[in-house]
Amino acid sequence: QVRLMESGGGSVQAGSSLTLSCAYSPTTYSNNCMGWFRWAPGEERRGVANIQVDGITKYTDHVKGRFTISKDAAKNTLYLQMNSLKPEDTAVYYCAARPMRWCPSGWEGGYFDYWGQGTQVTVSS
């Protein structure tokens, strides 16, 4: 069974940076597709970024160039480095895992079977 736990959220000002972490188990999930999603009140849960077994990453347009997803297998941790934060980035951020090596072409949350509890990110202008 897969367990995920996010951390690193907080309140920051626009233009600043924040790093989210997701501790995961078992360690074999270093070889699986993992991703970050976010949910804001009044909106649908949206994809943010994902990474697959070969290290290929993908980002949605609203974060591309500002966010970086990475994985440290030795620490069993997934990261999301967020730079140049905007108020519209305010949301609860979720770590997710898919029981396959390759990430899907789309951003439907249903492709991911395991989810963390979420961590709140608030960006003030």
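Note that this is a predicted model, so its numbers are computed, not measured. (Residues numbered from 1 in each chain as written. Predicted model: local features only at pLDDT ≥ 70, side-chain atom pairs only at ≥ 80, totals over all residues. Heavy atoms only, no water.)

1. Overview of the sheet that holds strand β3 (residues 18-25)
So, point 1. An order of β1-β3-β8-β7 is seen for the four strands of this open sheet, with the pairing classed as antiparallel. Strands with a single pairing partner mark the edges of an open sheet, and in this sheet they are β1 (3-7) and β7 (67-72). When strand polarity is set aside, the average angle formed by the axes of neighbouring strands in this sheet is 15°.
So, point 2. Relative to strand β8 (residues 77-82), β3 is paired through six bridges, and the arrangement is antiparallel. Each bridged residue has a counterpart across the sheet, and for Leu-18 the counterpart in β8 is Met-82. (Pairing = 2+ DSSP bridges. Helix = DSSP H or I, 4+ residues; strand = E, 2+ residues; numbered from the N terminus. Axes fitted to C-alpha atoms, helices over the stretch in contact; angles between N-to-C directions.)

2. Describing unusual backbone geometry
So, point 1. Cis geometry marks the peptide bond from Ser-25 to Pro-26; its omega dihedral reads 0°.
So, point 2. Inspection of the secondary structure puts Pro-26 in the loop between β3 and β4 (34-39).
So, point 3. With a phi close to 50°, Asn-76 is a non-glycine residue in the positive phi region.
So, point 4. Looking at where Asn-76 falls in the secondary structure, it is placed in the loop between β7 and β8.
So, point 5. A positive phi angle, near 50°, is found at Ser-84, a position not held by glycine.
So, point 6. Tracing the backbone shows Ser-84 in the loop between β8 and β9 (91-97).

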